[in-house]
Amino acid sequence: MSVNYIPRRFDIVRDNERCVQCGCCVRQCSNECHYFAEGGKIVLADASACVACHRCVDLCPTSALSIQKHVCDYRENANWAPQYQQEICRQAQTGGVLLSGMGTPKPYPIYWDKMLLNASQVTNPSIDPLREPMEIRTILGRKPRQLEVDAAGNPLGEMPPQIILETPIIFSAMSFGSISLNAQKSLAMAAKNLGTLFNTGEGGLHPDLSDYTDYAVVQVASGRFGVHKDYLENARMIEIKIGQGAKPGIGGHLPGEKVNVEVSNARMIPEGSDAISPAPHHDIYSIEDLRQLIWSLKQATQGKKPVSVKIAAVHNVAAIVSGCARAGADIIAIDGFRGGTGAAPTRIRDNVGIPIELALAAADARLRDEGIRSEVSLLAAGSFRCSADIVKAIALGADACYCASAPLIAMGCHMCQTCHTGKCNWGIATQRPELTKRLNPDIMHERVENLIHAWNHEIKEMMGGMGINSIDSLRGNRLMLRGIGLSEKELQILGIKHAGE
Amino acid sequence: MLREGEVRIPSGCAIAAIIDKKGGMINGAEIIKSIALMHDRSNGLGGGFAAYGIYPEHKDEYAFHIFYDTAAAKEACEEFLFKHFNIDVAERIPTRKIAAISKSPDIWRYFGKPNRVRMKNARLDEGEYVMQCVTKVNASYEGAYIFSSGKNMGCFKAVGYPEDVGEFYMLDTYNAYLWTAHGRFPTNTPGWWGGAHPFSLLDWSIVHNGEISSYDANRRYIEQFGYKCTMQTDTEVITYLFDHLMRHHGLPTKVAADVLTAPEWTEIDRMEPEKREYFTRLRAIYSGALVNGPFSVILGSNKGLLAINDRLKLRSLTAATKGNRAYFASEESAIRIICPEPEKVWSVSGADPVFVPLEIAQEEGE
Ligand code: SF4
Ligand code: SF4
Ligand code: SF4
């Protein structure tokens, strides 16, 4: 027997007084942790492959199960933390690059938690969202420098294409392939009912989603998967994906095992082949090249679709955003390094890029310095955990926020961070039919809608407290934010004052 | 303690205005009487007036009203002024010594035209040139503050109750076709004369009651276009918004007012297609210029008088008309005391800005 150098991470605890040996957990765990023993009389577990996804826990009819952290102490060492030793062992075994799913779990500063919101008292009344209209409608797209009117005040000329959203929350890119069609369909249905957008990622558009094209953002990424004229035309917005917050500077890799017939059709690649998107777009080596791609996409769609450029939040983000705006992007999405992913090299995910809060603040300030902020839309991405994070992002300067992990959690995701294995027990990050069928879009779209309705309501409540009844007046309103426990430099970059000032 | 401009100070207040749309003259005593009635809405920490048509003999020249804290500030500022403008007249603004107003800065006024050569070299039109000069002095000449810079108009303000400020500046010796007045109730006591209202730039003057919650969104919007909000007041940012929309973007007064007080989406969605398109465009393009929170604003200019109120009507503003005159005030009683029998009295609604254009041709344009 080969030596396993890494202790297991979790213990599966079964309360035998409660367990009725129904076998549900055996069927539910795709990691095959639970099994029948003694000829099917009792159920036992081997926790070595357990990822703490809680599928078995949540479905056990008698609540007999719990997952606990497996305690196995190493000799204390502040430098050689167990994580590094375990990763070394894994690499010594496989010789490969470490892969992870979801956003970085490392305890980097989360600036949302270091910013506090304002509320009105006396000099300026707060507004009750239940009694007064509270507007969160958000309009994305390139805005002309000014309104042209004739002498009577009637507008002249044409407006570039605009997207009217009924919430500042949109769903970020998750491709069919990295997530299941059922998961994507749930998001598409929710986007339609909520009056917002979902994003197909770079996975092409599955024919089953043809009813939702008015709510679809289609991506053009370096692999160009599924990109053809109909794909571009069957969309509300086109997004050129330059980078992703979880893995700046590298491309994508969808393993061949996940490329079944359906995925291969949507992506227009052979079945079973690895879908590799190169690190750069091989036709974009400079900002002029980006400009050309933006204009070709606009030409291919008769200028009817706004074009967004999505970049990862990296050190020079402000200048890059400004370059994208000048290259003709109508919308610029910045993805912070805490953003999620279906699969990313762990080292990159945990060490490359910068937080969205700082990137957004810097980019918004830069566009204002150049006097062009009002002409483009700025989307923030990279981990919004609750409605307050969204309110803070808008106050920093975002037009709208891309959310992915939160709606996935609404559909059952438990942040087990093993999306890259393709064995998602919740039917989200998998293509296995026995798993994907666990996710019923007719139910899940409602859970996602409930979540966004709840967040919308909370956003309105916070706005009302500040005496603001339109999200337009929250956008970039940094006086509504105060830092708590931040250094001068951090406050300066965020463009906010410290609490008490 | 930080001075106004170094810190944002919320305040409540009283406002009043009168216009004679045919250009008939109104004595300053009238507007003083109106604003004095609302004494309790101010707390003696700021009062002021703007008057249009008061300098007919200099009507083609810019009239600069300046506060000087020190002789050195005056010397430095004058050097700048004489270099950038051909100044015809430089004089102290006449004031009356009264007990209620103390610690006055040295208050001067200048009449002059831009130095053509410098203006051409700077490749700026006249309005832009004057605005940049005023911004320059106010931002970088310590102890000097230009608080009025229009043609044939002037702003008069001080720390004190408005009626005392009126007496101090001897406004009963001025006649104007348009007056605005302001009494302030700041929740802080900076005691700086420049912080009193109206706020004025070029021909614009603004008096305002309320505290806008969109302040920083509006400030960061307008600062994209070369403005610098040195005062950190609502009035300053609203003035710049109007100046930008009307002077740079050439929007008619009514459209500019629509930008600041755009109707709610629920209302827009119910409109006729053309109106809906107009407001949707306007809100999409000028989302950063939408003003939010409780406010009532009176904007004076050589084009006339505009009164706007917030969308939720959180601050009172009453309007009345009689003959050629229109009256506005935070309280109806402040109108009735100078116009006991108006023909029409109404409350200015958020959705319906009131614009009273001046109907005399020679005042149009710059
Ligand atoms: S699902 Fe629960 S009750 Fe059923 S076998 Fe597993 S632990 Fe026992
Ligand atoms: S992997 Fe998930 S389903 Fe399997 S045992 Fe662990 S928690 Fe239960
Ligand atoms: S999507 Fe599935 S695999 Fe990925 S973290 Fe969530 S539960 Fe785990």
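Predicted model only: the values in this text are computed from it and were never measured.

Peer 1: Provide a residue-level description of the environment of Trp108(B), including the pertinent values.
Peer 2: Residue and element names in this part refer to chain B. Within the fold, Trp108 resides in strand S6 (residues 106–114). Using a relative accessible area of 12% as the deciding quantity, one classes Trp108 as buried. Along the sequence, Trp108 and His65 sit 43 residues apart, while their C-alpha atoms lie 5.8 Å from each other.

Peer 1: Describe in detail the interface of chain B and chain A, supporting the description with residues and values.
Peer 2: The interface of chain B with chain A comprises 40 residues on the first partner and 45 residues on the second. At the boundary of chain B with chain A, total buried surface from both sides reaches about 3600 Å², with 54% on carbon and sulfur atoms. Across the chain B-chain A interface, the total number found is four salt bridges. The partner of Arg137(A) in a salt bridge is Asp269(B), with the nearest N and O atoms 2.7 Å apart. The interface formed by chain B and chain A holds 22 residue pairs in polar contact (both at pLDDT 80 or more) in total.

Peer 1: Describe in detail empty space enclosed by the protein, supporting the description with residues and values.
Peer 2: Tallied over the full model, the rule gives nine cavities of 30 Å³ or more. Each pocket or cavity is described by its volume, and for the second largest cavity that value is around 250 Å³. Lining of the second largest cavity is provided by 20 residues; of these, Ser374(A), Asp399(A), Arg475(A), Ser287(B) and Gly288(B) occupy positions nearest its centre. When contributions to the lining of the second largest cavity are tallied by element, the ones reaching two or more residues are helix H6 (215–222) and helix H10 (273–285) of chain B. Top contributing element to the lining of the second largest cavity by residue count: H10(B), with three residues. Split into classes, the residues belonging to the lining of the second largest cavity amount to seven nonpolar, five polar and eight charged.

Peer 1: Describe the domain arrangement of chain A, with residues and values.
Peer 2: How big an interface is tends to be expressed through the accessible area that disappears when the partners come together. Residues and elements named next belong to chain A. Looking at chain A, the domain boundaries give domain 1 (10–96) and domain 2 (138–147 + 159–498). One C-alpha centre belongs to domain 1, the other to domain 2, and the line joining them spans 34 Å. Facing 14 residues of domain 1, the contacting portion of domain 2 comprises ten residues. When the area that domain 1 buries against domain 2 is broken down by residue, the three leading residues are Ser30, Cys53 and Arg55, summing to 48%. The interface formed by domain 1 and domain 2 includes one salt bridge. With its nearest N and O atoms 2.5 Å apart, the salt bridge here joins Arg347 to Glu87.

Peer 1: Kindly report on the site of ligand 2, identifying the contributing residues and their values.
Peer 2: Of all residues adjacent to ligand 2, which total 14 residues, the nearest are Cys29(A), Cys50(A), Cys53(A), His54(A) and Cys56(A). Here the shell around ligand 2 is built from residues that sort into nine nonpolar, four polar and one charged.

Peer 1: Quick rundown of the site of ligand 3? Include the residues and the values.
Peer 2: Taken together, Met102(A), Cys413(A), His414(A), Met415(A), Cys416(A), Gln417(A), Thr418(A), Cys419(A), Cys424(A), Trp426(A), Ile428(A) and Ala429(A) make up all the residues around ligand 3. Looking at the shell around ligand 3 residue by residue, the classes come out as nine nonpolar, three polar and no charged.

Peer 1: Help me get a handle on the sheet that holds strand S20 (residues 481–483) of chain A, residues and values and all.
Peer 2: All names here are of chain A. Read across the sheet, three strands follow the order S6-S20-S21 without closing on themselves; strand pairing throughout is mixed. Edge positions in the open sheet fall to strand S6 (115–117) and strand S21 (497–498), since each of these has one partner strand only. Pairing of S6 with S20 involves three bridges; the strand directions are antiparallel. Opposite Leu116, over in S20, you have Arg482 as the bridge partner.

What counts and how
- Residues numbered from 1 in each chain as written.
- Chains lettered and ligands numbered in written order.
- Predicted model: local features only at pLDDT ≥ 70, side-chain atom pairs only at ≥ 80, totals over all residues.
- Heavy atoms only, no water.
- Helix = DSSP H or I, 4+ residues; strand = E, 2+ residues; numbered from the N terminus.
- Buried < 20%, exposed > 50% of the residue type's maximum accessible area, 1.4 Å probe, protein only.
- Contact = heavy atoms within 4.5 Å.
- Buried area = accessible area lost by both parts, 1.4 Å probe.
- Salt bridge = Lys/Arg side-chain N within 4 Å of Asp/Glu carboxyl O.
- Polar contact = N/O pair within 3.5 Å; in protein donor to acceptor, adjacent residues only side chain to side chain.
- 1 Å grid on protein atoms, 1.4 Å probe; cavity = no way out; pocket = protein on both sides within 12 Å on 5 of 7 lines; lining within 4 Å.
- Points joined across faces, edges and corners; volume = space filled by probe spheres on them.
- Nonpolar A, V, L, I, M, F, W, Y, C, P; charged D, E, K, R; others polar.
- Domains from an automatic or database assignment.
- Near = heavy atom within 4 Å.
- Pairing = 2+ DSSP bridges.

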